[in-house]
Amino acid sequence: MTTPSRSADALRAWSIEPAPYGAAPGRIIVKAGRTTVLCTASIEESVPPWMKGQGKGWVTAEYNMLPGSTAPRKGRERGPKIDGRTTEIQRLIGRSLRAIVNLEALGERSVAIDCDVLEADGGTRTASITGAYVALVQALRSTPSFSGGEPLPVSDSIAAVSVGMVDGRPTLDLDYAQDFAAAVDMNVVMTGAGRYVELQGTGEEATFDAEQLAAMLALAHLGIAELTALQRNVLA
């Protein structure tokens, strides 16, 4: 099931570009193949009530697949109807970003990340994390406290990519068809320095051994390195 137009160790065509609309100080569109996500970051000069007086900030995320992002149409989620998958993904995005943000240096302010999937063809959560980091940095640069050349309250970059076992081969950056056919699929979140933040791996009615795991992680390292370079080029 490997996509004929690329090898199993190659990323899909990725791009990160400024979003031409919206009012958030951080806003980009990230594409991974056909998967397209609008990522925005907004700054609020306050923190949740349970954090007040602690002298540190907070980063939170919301994730949503727009109704027209899939075929057939995905129903719009509202209030208590938000499903478990959506909750899991937005928590993952928030955790990933907080792993590289110095909350004390951020001060008592909040960063709200919104990731809206415009088109889904696999890897929406990995694209969201990778794009959200760029939107986060853009938003922080717009904040008066950090707009004069002061160091941003981030310790590293963060990116994510999927890997899996498809047709018995370790494969990087799965699209929907590959993910559907994969015996094993995994999402890997890493810093630019190569440190793991989160691994989500599952055998789909199959098992995998240490050698296959090592091969998938090696591909993930390669993919994250390329995505980190893309992020740095965009932010330069």
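Each value, and the rule that gives it
Residues numbered from 1 in each chain as written. Predicted model: local features only at pLDDT ≥ 70, side-chain atom pairs only at ≥ 80, totals over all residues. Heavy atoms only, no water. UniProt positions renumbered as here; feature names shortened; annotations may be inferred. Helix = DSSP H or I, 4+ residues; strand = E, 2+ residues; numbered from the N terminus. Buried < 20%, exposed > 50% of the residue type's maximum accessible area, 1.4 Å probe, protein only. Contact = heavy atoms within 4.5 Å. Expected span 1.5 Å × (residues − 1). Pairing = 2+ DSSP bridges. Axes fitted to C-alpha atoms, helices over the stretch in contact; angles between N-to-C directions. Parallel < 35°, antiparallel > 145°, perpendicular 65-115°, else oblique. Left-handed = near helix turned anticlockwise from the far one by under 90°. Nonpolar A, V, L, I, M, F, W, Y, C, P; charged D, E, K, R; others polar.

(A) Broad picture of the UniProt feature "binding site: phosphate" (unreviewed entry) in the protein chain. Mapped onto the present numbering, the UniProt feature "binding site: phosphate" (unreviewed entry) falls on Arg 85, Gly 123, Thr 124 and Arg 125. For the annotated residues, spread through 41 residues, the largest C-alpha to C-alpha distance comes to 13.3 Å, consistent with a single compact locus. Locating Arg 85 in the fold gives a position in helix α1 (residues 84-98). Residue Arg 85 is classed as partly exposed on the basis of its relative accessible area of 35%. In this view, Arg 85 contacts Tyr 63, Met 65, Thr 124 and Arg 125; residues no more than four positions away in its chain are not counted. Of note, Gly 123 is situated in the loop between β5 (110-119) and α3 (124-142). Given the relative accessible area of 19%, Gly 123 is considered buried. Dropping the residues within four chain positions of it, Gly 123 is found in contact with Arg 12, Thr 35 and Leu 174.

(B) Representation of α3 within the structure. The terminal C-alpha atoms of α3, which comprises 19 residues, lie 27 Å apart, in line with the 27 Å expected from a rise of 1.5 Å per residue. Along α3, 16 of the 19 residues are buried, which leaves the element largely enclosed by surrounding structure.

(C) Quick look at unusual backbone geometry. Even without a glycine there, the phi angle at Asp 173 is positive, about 60°. The topology assignment puts Asp 173 in the loop between β7 (169-172) and α4 (176-181). Look at Asp 173 and you get buried, because its relative accessible area is 0%. In the Ramachandran plot, Glu 205 falls in the positive-phi region, its phi being about 55° despite a non-glycine side chain.

(D) Local environment of α1. In this model, α1 (15 residues) spans 21 Å end to end at C-alpha, consistent with the 21 Å of a helix rising 1.5 Å per residue. All of the buried residues along α1 are Thr 86, Ile 89, Gln 90, Leu 92, Ile 93, Gly 94, Ser 96 and Leu 97.

(E) Geometry of the sheet that holds strand β4 (residues 58-65). On the basis of which strands lie adjacent, the open sheet formed by five strands has the order β1-β2-β3-β5-β4 and mixed pairing. Looking along the sheet, the strands with just one partner apiece sit at the ends: β1 (14-18) and β4. Neighbour-to-neighbour, the strand axes of this sheet turn through a mean angle of 20°, independent of strand direction. When strand β3 (residues 35-44) meets β5, the two strands line up antiparallel, connected through nine bridges.

(F) Main features of the packing of α3 against helix α5 (residues 210-235). For the pair α3 and α5, interaxial distance at closest approach is 10 Å and the crossing angle is 25°. With respect to their mutual orientation, α3 and α5 come out roughly parallel. Crossing angle aside, the handedness with which α3 passes α5 is right-handed. Packed against α3, whose contacting residues are Thr 130, Tyr 133, Val 134, Val 137, Gln 138 and Arg 141, the element α5 presents Leu 227, Gln 231, Val 234 and Leu 235 at the interface. Of the residues that constitute the contact of α3 with α5, the class distribution is six nonpolar, three polar and one charged.

(G) View of the pairing of β3. Taken across its 10 residues, β3 has seven buried, putting it largely inside the fold. Pairing geometry for strand β2 (residues 26-32) and β3, over seven bridges, is antiparallel. Directly across from Ile 28, in β3, lies its bridge partner Cys 39. Taking the residues that link successive antiparallel strands as the turn, the β2-β3 hairpin has two residues, and the phi of Gly 33 there is positive, at about 65°.

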